[in-house]
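# Coordinate inspection notes
Residue-level listing of the chains:
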Amino acid sequence: MRSVIPDYLDEVLADVRADVSGETAGYIPELAAADPHRLAAVFATVDGEVYGSGDVDVELTIQSISKPFTYALALADRGVDPVLAKVGVEPSGEAFNQISLERGTGRPLNPMINAGAITTHALAGPEHLDAAERVERVLAGLSAFAGRRLRVDEVVHASEMTHAHRNLAIAHMLRSHGIITEDPVDVVDGYTRQCSVLVTARDLAMMAATLANRGVNPLTNEQVVDHAVVRQVLSVMATCGMYDAAGDWATHVGIPAKSGVAGGLIGALPGQLGIATFSPRLDVHGNSVRGVSLFERFTSDMGLHVMEVPPTTRAVVRCAKVRGVGDDATWVLRLQGGIRFAGAERVVREVLETAPVEPRVVLDVSLVHSIDDVARRMLLEVARRLTLDGHEVYLVDPEAIIPEPDPGDGGRLTVVDELEQVVGSRHGAAEHRGASTSARNA
Ligand code: GLN
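Residues numbered from 1 in each chain as written. Predicted model: local features only at pLDDT ≥ 70, side-chain atom pairs only at ≥ 80, totals over all residues. Heavy atoms only, no water.

With that settled, consider the overall build of the protein chain. A count of helices and strands for the protein chain gives 17 helices and 13 strands. Each principal axis of the C-alpha atoms in the protein chain carries an extent, and together these give about 85 × 50 × 35 Å. A buried classification covers 52% of the 442 residues belonging to the protein chain. For the protein chain, long-range pairs separated by at least 24 residues make up 65% of all intrachain contacts whose partners lie at least 6 apart in sequence. When the accessible surface of the protein chain is totalled, it reaches about 19000 Å², and 51% of it is carbon and sulfur. Each charge class in the protein chain can be summarised by its mean position, and for the 40 positive and 59 negative side chains these summaries are 2 Å apart. (Helix = DSSP H or I, 4+ residues; strand = E, 2+ residues; numbered from the N terminus. Buried < 20%, exposed > 50% of the residue type's maximum accessible area, 1.4 Å probe, protein only. Contact = heavy atoms within 4.5 Å. Areas by Shrake-Rupley, 256 points an atom, 1.4 Å probe, with all protein chains shown as cover. Lys, Arg positive; Asp, Glu negative; His and termini not counted. Charge placed at Lys NZ, Arg CZ, Asp CG, Glu CD.)

Structure (structure tokens):
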């Protein structure tokens, strides 16, 4: 059987191909001369599968799609607060090259507009790097996101520099406000090199998938930046990634995204996939016309809007039943899926409503594939309170989805690999792990 996904991508590309509206970026001569017919779409899943259609391996310059990644590098290298002191996180509702800085502080409003991105470029890497070292830090970082060594298109860089008056003006303003302390010409030169990094739609999808995968590149498995940095970056992409079309995009498409004037467009869907499209003709906002259409199709065909998530809470309790009778009775609560706050709340409620009277209670998490910190703490607290109510509490957790399960303070939890160890004949062999004993490998 052929996978259904490439066929779907072929079909969607065919649907948008006829749209020749928009113009290639006129203000960078090399981009104005780009082949406007190019068209590609790529999906990269968080576990490293790549599906593509069209010109997936044709190189284009990354342009503004470099901005969220360089922002991630700056956050990782300098820390969130020092970066926030120099670049805000408020949507500007203005064009990408607007010469606008926050009143009073002189801070650029966000890292997705040029003023913010020029500042962010200067914040990548440790302080006191020279201009060339900073470019190398950015290039190495972008390469880590892509999972292969990338290079700069010197021709596009030179072409953009001959017309970089607006970005130079922005950099001089930033310098006058003390937002950047380096030579403004050096910073714009470095930023323009960053924008001139050559990528393919396949690379872009992989970079987006790294964001979707909490900062871990799905192919190389490298943790490029940590997940707190990714959360910050995706939030800013969601609110500012599409410039003055950001609100429209957030409601219509609902995927944290970033566009570039060479015609690239990426979207990162946390936990699911990275998407990239390539089509050089741009709309008035500087976003790829057919790229925007493709993303609109993807969202409506596949329900990719981030605000639209299935109700996971009901499904968390797979079943609750009593096994055995009398002194041998055990109340078994079988959980499943991914458990976060709302799922854990559902479990708490189930325990309260049932108010089990059986001497033993089993929380079976063998079908749970993920549990976050708050849910883990809530389940352990449930175990502790059940102990205090006089129950013997067991956790069926063969894959140690709850590592070191210590309910603390009077709580007592016995970890077993399978339910039969508690309700079957072998239950006597179960090993007790109270607050003071270490878990699993004890
Ligand atoms: N290098 C381009 C610029 O600074 C990037 C703009 C973009 O892709 N939106 O103008």
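Once you've had a look at it, read on.
A few words now on the side chain of S159. Its location among the elements puts S159 in helix α7 (residues 154-161). Assessed through its relative accessible area of 10%, S159 is described here as buried. For S159, the residues in contact, after removing those within four places along its chain, are I28, P29 and E30.

This part is about the site of the ligand. Neighbouring the ligand are the residues Y27, Q63, S64, F96, N114, E160, N167, Y191, C195, Y243, G260 and V261. At 2.6 Å, a side-chain N or O of Y27 approaches an oxygen atom of the ligand. Here the ligand, which alone exposes 300 Å², has 99% of that area covered by the protein. More than half of the atoms belonging to the ligand lie within 2 Å of the grid points that define the largest cavity. Looking at side-chain class alone, the shell around the ligand contains six nonpolar, five polar and one charged residues. (Near = heavy atom within 4 Å. Polar contact = N/O pair within 3.5 Å; in protein donor to acceptor, adjacent residues only side chain to side chain. 1 Å grid on protein atoms, 1.4 Å probe; cavity = no way out; pocket = protein on both sides within 12 Å on 5 of 7 lines; lining within 4 Å. Sits in = over half its atoms within 2 Å of the grid points. Nonpolar A, V, L, I, M, F, W, Y, C, P; charged D, E, K, R; others polar.)

Okay, unusual backbone geometry next. The phi torsion at N221 lies on the positive side, around 65°, for a residue other than glycine. Note that N221 resides in the loop between α10 (201-212) and α11 (227-240). Since its relative accessible area comes to 58%, N221 is described here as exposed. One non-glycine residue with positive phi stands out, namely A400, at about 50°. With respect to the helices and strands, A400 occurs in the loop between β11 (392-396) and β12 (412-416). The class of A400 is partly exposed, set by a relative accessible area of 26%.

Another aspect to go through is the sheet that holds strand β2 (residues 50-54). Neighbouring strands of a sheet are bound in pairs by backbone hydrogen bonds; such pairs are parallel or else antiparallel. Pairing within the open sheet is antiparallel, and its five strands lie in the order β2-β1-β7-β6-β5. Looking at which strands have only one partner, the edges of the open sheet turn out to be β2 and β5 (257-259). This sheet shows a mean twist of 10° between the axes of neighbouring strands, independent of strand direction. In this structure, β5 lies alongside strand β6 (residues 264-269), joined through three bridges in antiparallel fashion. Paired with A257 across the bridge in β6 is G267. (Pairing = 2+ DSSP bridges. Axes fitted to C-alpha atoms, helices over the stretch in contact; angles between N-to-C directions.)

Counted by the stated rule, this structure contains 25 salt bridges. Between R38 and D55 there is a salt bridge; the shortest N-O distance is 3.6 Å. Within this pair, whereas R38 is found in the loop between α2 (29-32) and β1 (40-45), its partner D55 is found in the loop between β2 and β3 (60-61), the two being separated by 17 residues in sequence. The partner of R346 in a salt bridge is E350, and the shortest N-O contact between them spans 3.3 Å. (Salt bridge = Lys/Arg side-chain N within 4 Å of Asp/Glu carboxyl O.)

Nonpolar side chains in soluble globular proteins tend to be buried together. Membership of the largest hydrophobic core comes to 75 residues, with the highest contact counts inside it found for F145, L204, M207 and L211. It is α10 that provides the largest number of residues to this core, a total of eight residues. Once you skip the residues sitting within four places of it in the chain, F145 turns out to touch F69, A72, L73, M206, M207, T210, L211, N217, V224 and V225. V316, V317, L363 and L380 belong to the second largest nonpolar core, which has 26 residues in total. (Core = buried A, V, L, I, M, F, W, Y, C linked by side-chain atoms within 4.5 Å.)

Below, the discussion takes up the side chain of S259. By the element assignment, S259 lies in strand β5. In this structure, S259 is in contact with S64, I65, G241, M242, Y243, G264, L265, G286 and N287, ignoring residues within four places of it in sequence.

All told, the structure shown has two cavities of 30 Å³ or more when counted by the stated rule. In this structure, the largest cavity occupies an estimated 60 Å³ of space. Forming the boundary of the largest cavity are Y27, Q63, S64, F96, N114, E160, N167, Y191, C195 and V261. For the lining of the largest cavity, the class distribution of residues is five nonpolar, four polar and one charged. Here the second largest cavity defines a volume of roughly 30 Å³. Here the lining of the second largest cavity is built from residues that sort into six nonpolar, one polar and no charged. (Points joined across faces, edges and corners; volume = space filled by probe spheres on them.)

On to α11, then. Compared with the 20 Å implied by 1.5 Å per residue over 14 residues, the 20 Å span of α11 between its first and last C-alpha is a close match. Among all positions in α11, only V229, V230, Q232, V233, L234, V236, M237 and C240 are buried. On its buried face, α11 sits against α3 (66-78), α4 (80-84), α10, α12 (246-252), β5 and β6. Its side-chain oxygen 2.9 Å from the backbone nitrogen of A228, D226 forms the N-cap of α11. (Expected span 1.5 Å × (residues − 1).)

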